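Here is how the chains run, residue by residue.
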Amino acid sequence: DERDEEHRAMCGIIAILLANEDEFVNQMIFDGLTVLQHRGQDAAGIVTAEHRRLHLRKDNGLVKDVFQTHHMTELRGNVGLGHCRYPTAGSSSCAEAQPLYTNYPHGICVAHNGNLTNTAELADVVRDTMQRHVNTDSDSELLLNIFAERMMERASSGGGGGS
C-alpha cells in the first residue's frame, strides 16, 4: 500500500526545551528517540545546549547502540534536539547522521525529515554563490547552510539575529 510506504519513509524528530536551566533533556530525548525508533533505524543523534555551548553525539546504528552512558553524561543542557534517520536521500555515511551543525552564525543545528526536490540547484547556490563548504550528499546539509546564510543576511540588514 502506497500510504504504508509513505509512513515508513520518515525520520523521527524530537525537540525539548525545559524552563529550568539546571535540568537536562538528554534522557528525555533518548527515551523519545527510542519510542520513535521505528521511524528510522539507520542512524541517531542528539544535540543539547548548555550555557551557549553545544554538545553533539551522532552515529550510525540504533538509538540504544549510539548512546552509551558516557555519551549521555556529556549531553548536558536544558535544550535539545534528537533525530533517528530513515535514509531517503544522500548516503548511509555517519557524516549524514543528524542533527547537523554549523558554527556560523551563532552555532545552529537542524534535524530534517523529508526530501528536497531541487538539490542539484541548491548545491550549486550553496557552493558557488554562498561560498560554503558542503561536506556530505545530504539535502539536509544544504537546508542548514541556506538557513544559516539567510540568518546572516537578516542580521546584516538590521533584521535581528543577534546574540
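Worth saying up front: this structure is predicted, and the values here are computed from it rather than measured.

## What to know about the packing of aromatic side chains
- The full count for this structure, using the stated rule, is one aromatic pair.
- Taking the centre distance of 6.3 Å and the plane angle of 85 degrees together, the rings of Phe 30 and Phe 67 count as edge-to-face. Residue Phe 30 is found in helix α2 (residues 26-35), and its partner Phe 67 is found in the loop between α3 (63-66) and α4 (69-74); the two are separated by 37 residues along the sequence.
- Exposure remark for Phe 30: the relative accessible area of 17% places this residue in the buried category.
- Taking the relative accessible area as the measure of exposure, Phe 67 reaches 5% and is therefore buried.

## Points about the nonpolar core
- With 15 residues, the main nonpolar core has Ile 16, Ile 29, Phe 30, Leu 33, Ile 46, Val 63 and Phe 67 as its most contacted residues.
- Those elements giving two or more residues to this core turn out to be β1 (12-17), α2, β2 (43-50) and α3.
- For this core, the leading source of residues is α2, giving three residues.
- Core analysis: the second largest hydrophobic core is formed by seven residues, Leu 122, Ala 123, Met 130 and Val 134 among them.

## Concerning the layout of surface pockets
- Taken as a whole, the largest pocket holds about 560 Å³ of empty space.
- Lining the largest pocket are 24 residues, with Ala 49, Leu 54, Val 79, Gly 107 and Ile 108 positioned closest to its centre.
- For the lining of the largest pocket, the elements supplying multiple residues, two or more each, are β2, β4 (79-85), β6 (108-110) and α6 (139-156).
- Per-element accounting of the lining of the largest pocket gives the leading share, four residues, to β2.
- In terms of residue class, the lining of the largest pocket is built from twelve nonpolar, nine polar and three charged.
- Here the second largest pocket is characterised by a volume of approximately 200 Å³.
- What lines the second largest pocket is a set of 14 residues, and nearest its centre among them are Tyr 101, Thr 102, Asn 135, Glu 141 and Leu 144.
- Those elements that provide at least two residues to the lining of the second largest pocket are β3 (53-60), β5 (100-102) and α6.

What counts, and at which threshold
- Residues numbered from 1 in each chain as written.
- Predicted model: local features only at pLDDT ≥ 70, side-chain atom pairs only at ≥ 80, totals over all residues.
- Heavy atoms only, no water.
- Phe/Tyr/Trp six-rings, centres within 6.5 Å; stacked < 30°, edge-to-face > 60°.
- Helix = DSSP H or I, 4+ residues; strand = E, 2+ residues; numbered from the N terminus.
- Buried < 20%, exposed > 50% of the residue type's maximum accessible area, 1.4 Å probe, protein only.
- Core = buried A, V, L, I, M, F, W, Y, C linked by side-chain atoms within 4.5 Å.
- 1 Å grid on protein atoms, 1.4 Å probe; cavity = no way out; pocket = protein on both sides within 12 Å on 5 of 7 lines; lining within 4 Å.
- Points joined across faces, edges and corners; volume = space filled by probe spheres on them.
- Nonpolar A, V, L, I, M, F, W, Y, C, P; charged D, E, K, R; others polar.

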